[in-house]
Amino acid sequence: MNLSPDPWVWLAALLTLCIYSFLYKDNPFYKAAEHLFVGLSAGYFLVIYWYNAVYPDMVVPLFKQGKLLCIIPGLLGLFFFFRFIPKVGWVSRWSIAFYIGVGAGMSIPATMQMRILEQMKGTMQPFFSLETWHVFVENPSLASFGALIGIPLMIVGVMCTLSYFFFSREHKGVLGGMSRIGIIFLMIGFGASFGYTVMARISLLIGRVQFLMSDWLGVID
Amino acid sequence: MRRQLPLAICFVMGVSMVVQFFIPHRVSQEFYRTILDWYRIVFAFSLVLGTGTLIKVHWAKISKKSKGWQYSIITIGGLVFMLAVGFITGIQEGTLFMKIFEYVEVPLEATMFSLLAFYIASAAYRAFRARTVEATLLLIAAVVLMLGRIPFGYYLWHKIPGIAEWILTNPNMAAKRGIVIGVGLGMISTALKIILGIERSYIGGGK
Amino acid sequence: MGQEWFSLDRLNVLIGVVVYTALLLYFIYQAKKGKELFVRKIAGLEAVDEAIGRATEMGKPILYIPGLSTISDVATLASLNILSKVAKKAAQYETRLIVPCTDPIVMPVCQEVVKAACLDGGRPDVYREEDIYYITYSQFGYVAAVDGIMVREKPATNFFLGMFWAESLILAETGASTGAIQIAGTDAISQLPFFITACDYTLIGEELYAASAYLSREPLSLGSLKGQDWTKLIIGGLVLTGVILSTFGLRFFANYFTTG
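Residues numbered from 1 in each chain as written. Chains lettered and ligands numbered in written order. Predicted model: local features only at pLDDT ≥ 70, side-chain atom pairs only at ≥ 80, totals over all residues. Heavy atoms only, no water.

Participant: Give a detailed account of the interface of chain A and chain C, specifying residues and quantitative values.
Facilitator: Tallying the contact residues gives 52 residues for chain A and 65 residues for chain C. Interface area for chain A against chain C, summed over the two sides, is near 5500 Å², with a carbon-plus-sulfur share of 71%. Notably, a salt bridge pairs Arg83 of chain A with Glu112 of chain C, separated by 3.0 Å at the nearest N-O pair. Summed over the shared surface of chain A and chain C, the result is 22 residue pairs in polar contact (both at pLDDT 80 or more). Secondary-structure elements contributing two or more residues to the side of chain A that touches chain C are helix H2 (28–64), helix H4 (92–123), helix H6 (142–164) and helix H7 (173–216) of chain A. (Contact = heavy atoms within 4.5 Å. Buried area = accessible area lost by both parts, 1.4 Å probe. Salt bridge = Lys/Arg side-chain N within 4 Å of Asp/Glu carboxyl O. Polar contact = N/O pair within 3.5 Å; in protein donor to acceptor, adjacent residues only side chain to side chain. Helix = DSSP H or I, 4+ residues; strand = E, 2+ residues; numbered from the N terminus.)

The structure is reproduced here in structure tokens:
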């Protein structure tokens, strides 16, 4: 055992244990760590945004370079503080509207591009490929069969999944059948996502255990 | 002023950003960059507002001596301390501000994040107990993918990694594409309704 | 830096936006004229009333998490539309609603939404601004605090609606451990499996965006839902055309969908 002499490492290790204690139940150690976390991080972001946004992008251009346009974000920002005065609190809606308008406007074409057109193009694959058929006939195996049916299955899957999201019709008849198949694809997809993530999550825990065992306790190298 | 002006601002900014997307001219790009800069500045001001409410909530707890008020002192103390340190020492490498970030905030973030390893186990257990066809499908796909990503899966049956890969690139891709397209349509529809003032709950007053 | 006034390689995006907008406006117009519109049952949304009622019966609060994204994320806006409906019901039942926020701009919007909903519900007196507050912009700092709220305040009902990242499972599992009824909804595909395993009801992807129309039954919103469905039909047709042409080695059609 080779305990760390660094008080910062001790602090980090003790806070780590405080958070883990929540797994047993809520307790004063967790509460203290949680409240400290909230206070410090809230302060951290205020300081960081002052140094990285307000000072270089507003204070310097406005007061040192005379760029008057920078008054606009300053005013929009100041409008938020009107919320502290109930009678004129509605002024903050102007800043909120600016934010929402920009966000909504930016999302429309970007969504059409990335979430719709690109996905449509990705789905427009040959339903049947002679190449994969020949591979399968010459060498029938699980892999070549998988390659043969993979793309058609994907195309059918996209159509059926999309039909699950039909809202203005009762899911009966053909639509009902398609959406049932869509649910099967959805569940397999969710399972795949779940399974894919497990190892990544376990490695996070390994990282913290390594910190405790190596950096703090010095039990392992 | 209370209702029409916010709606007008939202409409003008929304339409401007849509139009801007299609214009590669430098004026348009400059406009885009300026808006993004403004965005960050306005956000910074809102952080002050937010932090104000945080202080208000905890101050109320302390002054009323509500249950657990002592912990609120830690929150306000931590906040004030971080602000003081940040504005006195700056944010360069090696300052006390960055030390606190590195040895207090980062470990706390990482530890909270790592709780997922425990929770994912309990979620898997929950999925195991479910007795529906859908849950079984989810479970089978999850197990195959889990096994496909570790050497044990290969030793169990050497084709498992291939099957896992096939699930990822075919049925999983199909589900993802279907969801993404649907979500895309929902997003555009919601954004449009907001720009056009059909959805306006954000300015209060409901209808 | 460009000198052109129109990006030709984004022409297909423009066509897509114009066609879709036209379809939506057409169906909204139809709805405005009073045409009857049907919406299929969505289990997660059918359960909203029951979930609020349960909290009222138990005399416990409702916890509403509007996601962890910014106000410019459309998922957050969709969530706020749902918050409006939940807050109205909660106000009518006189049930406490707690809305902790991680984004400082989402917070005042939530306050506006809930305040307006209480007014709409005829109970402006039950609005409690102190229950809608900012915690911290730190992702896991926020999660630590919300976990604390869940185990200490023991809400009877938890809503997780909006954009979520890795924290989704921590929130949902902690909520499940307190015995709360949980309704989740997100368009974050990688987080959906976790909500599905740990929550009672989950709105999948587009269902989150349909929720507002579903809960309010307002003709204008229902009209847009119909427009979305028609666009899905068109998309299905175009994809099938692309698939058939590609099968015969003709990729030109699929290439029209390449964007710059």
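Participant: Tell me about the sheet that holds strand S2 (residues 97–101) of chain C, and name the residues and values.
Facilitator: By way of backbone hydrogen bonds, the strands of a sheet pair with one another, either parallel or antiparallel. Residue and element names in this part refer to chain C. Strand order in the open sheet formed by six strands is S3-S2-S1-S4-S5-S6, and the pairing between neighbours is parallel. Each of the sheet's edge strands pairs with one partner strand only, and the pair in question is strand S3 (132–134) and strand S6 (201–204). Across the sheet, the mean angle separating the axes of adjacent strands is 15° when strand polarity is ignored. Sheet strands touched by helix H2 (residues 43–58): strand S1 (62–65), strand S4 (157–161), strand S5 (181–186) and S6. Its angle to S5, the strand with the most contacts, is close to 145°. (Pairing = 2+ DSSP bridges. Axes fitted to C-alpha atoms, helices over the stretch in contact; angles between N-to-C directions.)

Participant: Could you give an account of the packing of aromatic side chains, with specific residues and numbers?
Facilitator: Scanning all chains against the criterion turns up 39 aromatic pairs over all chains. Considering the side-chain rings of Tyr164 of chain A and Phe165 of chain A, the 5.1 Å spacing of their centres and the 80° angle between planes classify their relative orientation as edge-to-face. Taken individually, Tyr164 of chain A and Phe165 of chain A each receive the classification buried, so the pair is uniform in this respect. Put simply, the rings of Tyr44, Phe45 and Tyr49 of chain A, Phe43, Phe97 and Phe101 of chain B together with Tyr137 of chain C touch in pairs and so form one group of aromatic residues. (Phe/Tyr/Trp six-rings, centres within 6.5 Å; stacked < 30°, edge-to-face > 60°. Buried < 20%, exposed > 50% of the residue type's maximum accessible area, 1.4 Å probe, protein only.)

Participant: Provide a residue-level description of the domain arrangement of chain B, including the pertinent values.
Facilitator: Segmenting chain B into domains produces domain 1 (4–66) and domain 2 (121–194). Summarising the inter-unit geometry, the C-alpha centres of domain 1 of chain B and domain 2 of chain B are found 36 Å apart. (Domains from an automatic or database assignment.)

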